[in-house]
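Breakdown of the fold
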Amino acid sequence: MTQPTDIRRDDHRPLLLDLFCCAGGAAAGYHRAGFDVIGVDIVGRPNYPHPFVRADALEYLDGLIASGEIARFAAVHTSPPCQAGCALAIGTNKSRGWGRRHVQLIPALRTLLDATGLPYVIEQPTGKAPVRRDLWLCGEMFHLGVLRHRNFELGGWTMPQPAHPKHRGYVRGYRHGVYRDGPYVAPYGSGGGKATVAEMQQAMGITWTDVREELTEAIPPAYSEHIGRAFLAQAALEVAA
């Protein structure tokens with residue numbers, strides 16, 4: 001387990017723990033909202049734009065709780081692996097006869113998150129993952145070039161659900177053998193009209209990584225910036241009261 005290489009902070013900015021952080025799509029948004037961020041991922045992420053710890057996320061969180069170091073943080077964001085519950089992955093695996101089993105981490109993760117006593121977020125794609133749909137975001141809400149619908153379970157706090165505007169058209173590419181053009185690109189897979197790396201970067205507002213795997217797993221920073229601003233506004237109201 002490695003430690004963050006740089007944890008210098010502005011004491012006026014609350015600290016957020018970003019578990020299963022990948023390349024930092026969520027982190028960038030929270031930082032824009034007003035947080036300092038420390039990311040944790042079991043895979044090395046040299047493109048992550050904030051202090052980073054390479055570790056098993058559940059073990060690291062458990063250690064923070066046991067040591068009392070969790071008290072340094074104001075909130076926790078988590079994006080656990082989605083293959084066990086993602087509708088796209090489940091359908092693809094079934095149609096192609098792939099038998100690989102994916103471990104569902106969310107129940108154990110939620111138990112640890114509840115033990116922190118901190119407000120938290122669990123992010124997942126639309127599918128069968130065992131998360132509450134306390135918040136649901138779409139790229140069209142932020143005028144992005146992707147749809148990338150995502151569900152968010154909010155632990156210990158709430159925020160309003162924004163209206164879901166009508167999509168402006170199709171996601172570009174082939175579906176069931178038919179090619180359609182449209183204002184959105186598909187930020188996953190390759191071929192068949194799927195987005196190039198440059199198109200994914202532009203559509204999601206992510207410029208610091210050009211690794212396709214990292215981009216396909218990222219949420220647009222606009223999502224977490226929206227969540228982070230709502231959280232900080234709520235926290236300010238609670239302090240004022």
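This text goes with the structure placed above it.
Here we summarise the structure given alongside this text. (Residues numbered from 1 in each chain as written. Predicted model: local features only at pLDDT ≥ 70, side-chain atom pairs only at ≥ 80, totals over all residues. Heavy atoms only, no water.)

Some remarks on the packing of aromatic side chains
Convention followed: Stacked, tilted and edge-to-face pairs are distinguished by plane angle, under 30 degrees for stacked and over 60 for edge-to-face with tilted covering the rest, among Phe, Tyr and Trp rings (Trp via its six-membered ring) whose centres lie within 6.5 Å. Any residue under 20% of the maximum accessible area for its type is buried, any over 50% is exposed, and the rest in between are partly exposed; the area is computed with a 1.4 Å probe on protein chains only.
Using the criterion set out here, one finds 6 aromatic pairs in the structure. Taking 5.9 Å as the distance between ring centres and 90° as the angle between the ring planes, the aromatic pair formed by Tyr30 and Phe35 counts as edge-to-face. Residue classification places Tyr30 among the buried residues on the basis of a relative accessible area of 2%. By relative accessible area, Phe35 is classed as buried at 1%.

Details of the nonpolar core
Selection rule: By nonpolar core we mean a set of buried residues, namely Ala, Val, Leu, Ile, Met, Phe, Trp, Tyr and Cys, connected to one another through side-chain atoms within 4.5 Å. Each helix corresponds to a stretch of at least 4 residues labelled H or I by DSSP, and each strand to a stretch of at least 2 residues labelled E; elements are numbered beginning at the N terminus. A contact between two residues is defined here by any heavy atoms of the two lying within 4.5 Å.
Counting 37 residues, the largest nonpolar core has Tyr30, Phe152 and Ile227 as the members making the most contacts within it. The element best represented in this core is helix α7 (residues 221–240), accounting for 4 residues. Leave out the neighbours within four places in its chain, and Phe152 touches His77, Val121, Ile122, Glu123, Arg132, Arg133, Asp134, Leu135, Leu137, Ile219, Tyr223 and Ile227. Grouped together as the second largest cluster of nonpolar side chains are 25 residues, Leu15, Ile70, Leu112 and Leu118 included.

Observations regarding the sheet that holds strand β2 (residues 36–41)
Going by this rule: What makes two strands pair is DSSP finding at least two bridges between them. In this analysis, axes come from line fits to C-alpha atoms, helices being fitted only over the stretch in contact, and the angle between any two N-to-C directions falls in the range 0 to 180 degrees.
With mixed pairing, the 7 strands of this open sheet are ordered in space as β3-β2-β1-β4-β5-β7-β6. Pairing within the sheet leaves two strands with one partner each, and these edge strands are β3 (52–54) and β6 (135–137). Each strand axis lies, on average, 20° off the axis of its neighbour in the sheet, ignoring direction. Bridging between β6 and strand β7 (residues 150–155) involves 3 bridges; their strand directions are antiparallel. Following the sheet pairing, Trp136 is matched in β7 by Asn151. Contacts from helix α1 (residues 25–33) reach β1 (15–19), β2, β4 (75–78) and β5 (120–125) within the one sheet, and its direction differs from that of β2 by about 170°.

Concerning helix α5 (residues 197–204)
Within the sequence span of α5, burial applies to Met200, Gln201, Ala203 and Met204. Looking at the buried residues of α5, the elements they touch are α6 (212–217) and α7. Directly after α5, the chain includes Gly205, whose backbone phi takes a positive value near 75°.

Concerning unusual backbone geometry
Positive phi values are uncommon outside glycine, yet Cys22 reaches one of about 50°. Checked against the element boundaries, Cys22 lands in the loop between β1 and α1. The phi angle at Arg148 is positive, at roughly 35°, despite the residue not being glycine. Within the secondary structure layout, Arg148 lies in the loop between β6 and β7.

Focus on the packing of helix α2 (residues 57–67) against helix α4 (residues 106–116)
To be explicit about the condition: Any angle from 65 to 115 degrees is called roughly perpendicular, while one under 35 is roughly parallel, one over 145 is roughly antiparallel, and all others are oblique. Handedness of a crossing follows from how the near helix is turned relative to the far one, being left-handed for an anticlockwise turn of less than a right angle and right-handed for a clockwise one. Classification convention: Asp, Glu, Lys, Arg as charged; Ala, Val, Leu, Ile, Met, Phe, Trp, Tyr, Cys, Pro as nonpolar; all other residues, Gly among them, as polar.
Packing of α2 against α4 leaves a shortest axis separation of 10 Å and a crossing angle of 20°. One element, α2, and the other, α4, form an angle in the roughly parallel class. The interaxial crossing formed by α2 with α4 has left-handed handedness. Facing Leu58, Leu61, Asp62 and Ile65 of α2, the residues of α4 in contact are Ala108, Leu109, Leu112, Leu113, Ala115 and Thr116. For the contact of α2 with α4, the residue count by class is 8 nonpolar, 1 polar and 1 charged.

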